[in-house]
Amino acid sequence: MGERPLGSSGLVVSAVGMGTWRTLDVRGRAAEANARAVVDAALDAGATFFDSSPLYGEAERVLGEALAGRRSA
């Protein structure tokens, strides 16, 4: 997957990111396990940019748990 600079931040992110609102705004063990599998697939495909917001319900929490132990910052 291609990469692009993120504005003037100096960060470089994947050209395709993943939105989290409808995909990761879930509750319950089975739904959260499925959401983690989706995040795993996105990472395996080279995604390094995830769009999230506190307004997306449970999405930030679910994403945080899916990324736990895998991020450098």
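Owing to the predicted nature of the structure, the values given are computational and were not obtained by experimental measurement. Counting from 1, residues in each chain are numbered in the order their sequence is written. Local features are withheld for residues below a pLDDT of 70 in this predicted model, meaning they are given only at 70 or higher, and side-chain atom pairs are given and counted only at 80 or more; totals for whole chains, interfaces and linings count all residues. Excluded from the side-chain calculation are hydrogens and water; included are all heavy atoms of the structure.

S.K.: Mind laying out the overall build of the chain, listing which residues take part and the relevant values?
M.R.: A run of H or I in DSSP counts as a helix once it spans at least four residues, and a run of E counts as a strand once it spans at least two, with each numbered from the N terminus. Looking only at helices and strands, the chain has three helices and four strands in total. Counting from the amino terminus, helix and strand elements in the chain follow one another as β-β-β-α-α-β-α. At 13 Å, the chain has a C-alpha radius of gyration in line with the 11 Å of a compact globule built from 73 residues. By principal-axis analysis of the C-alpha atoms, the chain measures approximately 40 × 25 × 20 Å. Note on classification: 1.4 Å probe, protein chains only; a residue is buried when its accessible area is under 20% of the maximum for its type, exposed when over 50%, partly exposed between these limits. Classification of the 73 residues of the chain by burial places 26% in the buried group. Counted over contacts in the chain with a minimum sequence separation of 6, partners at least 24 positions apart contribute 59%. Calculation of accessible area relied on Shrake-Rupley with a 1.4 Å probe; when residues are assessed, cover is drawn exclusively from the protein chains displayed. Counting every atom, the chain has about 4,900 Å² of accessible surface; 53% of that belongs to carbon and sulfur. Asp and Glu are treated as the negative residues and Lys and Arg as the positive ones, with His and the ends of the chain left uncounted. The atom standing in for a charge is NZ when the residue is Lys, CZ when it is Arg, CG when it is Asp and CD when it is Glu. Side-chain charges of the chain comprise 8 positive and 9 negative groups, with the mean position of each set lying 3 Å from the other. A radius of gyration in this sense is built from C-alpha atoms; the matching globule rule multiplies 2.2 Å by the number of residues raised to 0.38. Residues count as neighbours in contact if any of their non-hydrogen atoms are within 4.5 Å of one another.

S.K.: I'd like a description of the packing of aromatic side chains, backed by residues and values.
M.R.: Here a Phe, Tyr or Trp ring, Trp counted by its six-membered ring, pairs with any other such ring whose centre lies within 6.5 Å, and the pair is stacked when the planes are under 30 degrees apart, edge-to-face when over 60, and tilted otherwise. Per the counting criterion, the structure on display carries zero aromatic pairs. A cation over a ring is seen here: R22 above W21, with NZ or CZ 5.0 Å from the ring centre. Whether a charge sits over a ring depends on NZ of Lys or CZ of Arg being within 6 Å of the ring centre and within 35 degrees of the ring normal.

S.K.: Can you explain the packing of helix α2 (residues 29–44) against helix α3 (residues 59–67)? Please cite residues and give values.
M.R.: Interhelical geometry of α2 versus α3 gives an angle of 60 degrees and a closest axis separation of 9 Å. On the basis of their axis angle, the class for α2 and α3 is oblique. Crossing of α2 over α3 shows right-handed handedness. Across from E32, A35, R36, V39 and L43 in α2, the residues of α3 making contact are R61, V62, L63, E65, A66 and L67. For this classification, the nonpolar set comprises Ala, Val, Leu, Ile, Met, Phe, Trp, Tyr, Cys and Pro, the charged set comprises Asp, Glu, Lys and Arg, and every other residue, Gly included, is treated as polar. Along the lines of polarity and charge, the residues of the contact of α2 with α3 split into seven nonpolar, no polar and four charged. Fitted lines through C-alpha atoms give the axes, limited to the stretch in contact for helices. The angle between two N-to-C directions lies from 0 to 180 degrees. Any angle that falls under 35 degrees is termed roughly parallel, while one over 145 is termed roughly antiparallel, one within 65 to 115 roughly perpendicular, and all others oblique. Left-handed describes a crossing whose near helix is turned anticlockwise from the far helix through less than a right angle; right-handed describes the clockwise counterpart.

S.K.: Outline the nonpolar core, supporting the account with residue identities and numerical values.
M.R.: In terms of nonpolar packing, the biggest core is built from 14 residues, with M18, L24, V39, F50 and L63 touching the most fellow members. Elements with a contribution of two residues or more to this core: α2 and α3. Element by element, the count of residues in this core is highest for α3, at five residues. Those residues in contact with L24, other than ones at most four positions away along the chain, are M18, A35, V39, E58, A59, V62 and L63. As used in this record, nonpolar core signifies buried Ala, Val, Leu, Ile, Met, Phe, Trp, Tyr and Cys residues forming a set joined through side-chain atoms within 4.5 Å.

S.K.: Before we move on, could you go through the side chain of S14 and cite the residues and values that matter?
M.R.: Note on placement: S14 falls in strand β2 (residues 12–14). Pairs of N or O atoms within 3.5 Å make up the polar contacts considered here, provided that, within protein, one atom can donate a hydrogen while the other can accept it, and that residues adjacent in sequence are counted only when both atoms are side-chain atoms. A polar contact is formed between the side chain of S14 and the backbone oxygen of V16, at a distance of 2.7 Å. Those residues in contact with S14 that lie beyond four places of it in its chain are M1, G2, E3, G46, A47, T48 and F49.

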